[in-house]
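So you can see what is in the structure, the chains are spelled out below.
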Amino acid sequence: MTDTIVSSATREVVIGFDRPFVIIGERINPTGRKVLAAEMKVGDYSRVTADAVAQVQAGAHMLDVNAGIPLADEPAILAEAVRLVQQVTDVPLSIDSSIVAALASGLAVYQGKALVNSVTGEEDRLESVLPLVAKHGAAVVAISNDESGISEDPNVRFEVARKIVERAADHGIPRSDVIVDPLVMPIGAINSAGRQVMQIVRRLRDELKVNTTCGASNVSFGLPNRGGINSAFLTMAIGAGLTSAITNPLHTEVMQAVLGADVMMGNDPDCSRWIRQYREPAPQAANGGRRRERGRRRRA
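Nothing here was measured: the structure is a model prediction, and the numbers come from that model.

About the criteria used
- Residues numbered from 1 in each chain as written.
- Predicted model: local features only at pLDDT ≥ 70, side-chain atom pairs only at ≥ 80, totals over all residues.
- Heavy atoms only, no water.
- Buried < 20%, exposed > 50% of the residue type's maximum accessible area, 1.4 Å probe, protein only.
- Helix = DSSP H or I, 4+ residues; strand = E, 2+ residues; numbered from the N terminus.
- Pairing = 2+ DSSP bridges.
- Right-handed = clockwise from strand over helix to strand, strands pointing away.
- Phe/Tyr/Trp six-rings, centres within 6.5 Å; stacked < 30°, edge-to-face > 60°.
- Core = buried A, V, L, I, M, F, W, Y, C linked by side-chain atoms within 4.5 Å.
- Contact = heavy atoms within 4.5 Å.
- Axes fitted to C-alpha atoms, helices over the stretch in contact; angles between N-to-C directions.
- Parallel < 35°, antiparallel > 145°, perpendicular 65-115°, else oblique.
- Left-handed = near helix turned anticlockwise from the far one by under 90°.
- Nonpolar A, V, L, I, M, F, W, Y, C, P; charged D, E, K, R; others polar.
- Lys, Arg positive; Asp, Glu negative; His and termini not counted.
- Salt bridge = Lys/Arg side-chain N within 4 Å of Asp/Glu carboxyl O.
- Polar contact = N/O pair within 3.5 Å; in protein donor to acceptor, adjacent residues only side chain to side chain.

### Remarks on the pairing of strand β6 (residues 115-119)
For step 1, the next point in the chain: For β6, a buried count of five out of five residues is recorded, marking the element as mostly surrounded by other parts of the structure.
For step 2, the next point in the chain: When strand β5 (residues 93-96) meets β6, the two strands line up parallel, connected through three bridges. Bridge pairing in β6 places Asp96 opposite Asn117.
For step 3, the next point in the chain: Note: β6 against strand β7 (residues 139-143), four bridges, orientation parallel. When the bridges of β7 are listed, Asn117 appears paired with Val141.
For step 4, the next point in the chain: Following the backbone out of β6, through helix α5 (residues 123-136) and into the adjacent parallel β7, one traces a crossover that is right-handed.

Structure below.
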């Protein structure tokens, strides 16, 4: 089985088929967050660091860091965000940008083995991102689309993933360092989107033997009670073989779904993590101490 190892300066996370599911916190992303975007653009990273700490406290194993702000100096902003997040938490990071110069700047300041998010199947993207990943000894997210766009045919998306894995190998990047994103589409718009992802994930696990991730929240876009849909999706995707996801750990129903799926998949031995999270505290006595049952001797 395949293990993908990423690390910070002091902590290592392993993503693998028979391991607990890895949550990559999604909130350090200014897309759709106007206040965060405005703050980052003027050099205010207080919300970035607060979000980093909150996500780790909620159970995130890694954090995605994105600085995609229109008309801003994305390479400089991403590097500073990466540097500051690494000061307040020790979890590994996913360095997220569509701009190669920004990925390079983030990797330049990163301490550890990062996850680069992302590379697609377009020729120019492959030949600009993969050498950068190889240079820094990083792992990379491979997104299953190319010059033709995002296909609704799971077989086409699988072949794009295969192409990226093979091209990564040409650059000395082992398949264990390639995590494939099969692309989750909004199920409110494409009714078969869930089945498509499950089919691709199974093939990626069984045939390509690579780990997988996705932007899990995409599946519920445009629907009410998004947390409920996200939770159902993640539980089923984990059963199909998904090994990580970029999602919001502050949503308790999502975290509960992931922990429960780990139990069902046998990746939480003795249900110990579930018990630690959800066991009710011992009742407290009136004086603040734990109530103790005291046996009494019966007199004859």
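### What to know about the packing of aromatic side chains
For step 1, the next point in the chain: Scanning all chains against the criterion turns up one aromatic pair.
For step 2, the next point in the chain: On the numbers, 4.4 Å between centres and 50° between planes, the contact of Trp274 with Tyr278 is tilted. On the criterion of helical spacing, the pair formed by Trp274 and Tyr278 is a turn pair, its members being four residues apart in helix α10 (residues 272-278).
For step 3, the next point in the chain: Owing to a relative accessible area of 32%, Tyr278 belongs among the partly exposed residues under this scheme.

### Some remarks on the nonpolar core
For step 1, the next point in the chain: The biggest cluster of nonpolar side chains holds 69 residues, and the ones touching the most others in it are Phe233 and Leu234.
For step 2, the next point in the chain: Beyond its immediate stretch of four places on either side in the chain, Leu234 contacts Phe21, Ala216, Leu242, Ala245, Thr247, Val254 and Val258.
For step 3, the next point in the chain: Judged by nonpolar contacts, the second largest core, of 13 residues, contains Ile15, Ile143, Ile179 and Leu183.

### Concerning the sheet that holds β5
For step 1, the next point in the chain: Read across the sheet, eight strands follow the order β9-β8-β7-β6-β5-β4-β3-β10 without closing on themselves; strand pairing throughout is parallel. The open sheet terminates on both sides in strands that have one partner only, identified here as β9 (211-212) and β10 (244-247).

### Some thoughts on the packing of helix α7 (residues 193-208) against helix α8 (residues 226-240)
Relative placement of two packed helices is described by the angle separating their axes and the distance separating the axes.
For step 1, the next point in the chain: Axis separation between α7 and α8 bottoms out at 8 Å; the angle between their running directions is 30°. It follows that α7 is roughly parallel to α8 by the angle criterion. Judged by the twist between their axes, the crossing of α7 over α8 is right-handed. Listed contacts from α8 to Val197, Met198, Val201 and Arg202 of α7 are Phe233, Met236, Ala237 and Ala240.
For step 2, the next point in the chain: Considered class by class, the residues forming the contact of α7 with α8 number seven nonpolar, no polar and one charged.

### Some details on the side chain of Arg125
For step 1, the next point in the chain: For Arg125, the location among the structural elements is in helix α5.
For step 2, the next point in the chain: We note that Arg125 is buried and unpaired, the nearest opposite charge coming from Glu122 at a distance of 6.3 Å.
For step 3, the next point in the chain: A polar contact is formed between the side chain of Arg125 and the backbone oxygen of Ser97, at a distance of 3.1 Å.
For step 4, the next point in the chain: In this structure, Arg125 is in contact with Ser97, Ser98, Ile99, Val100, Leu103, Ser118, Val119, Thr120 and Leu130, ignoring residues within four places of it in sequence.

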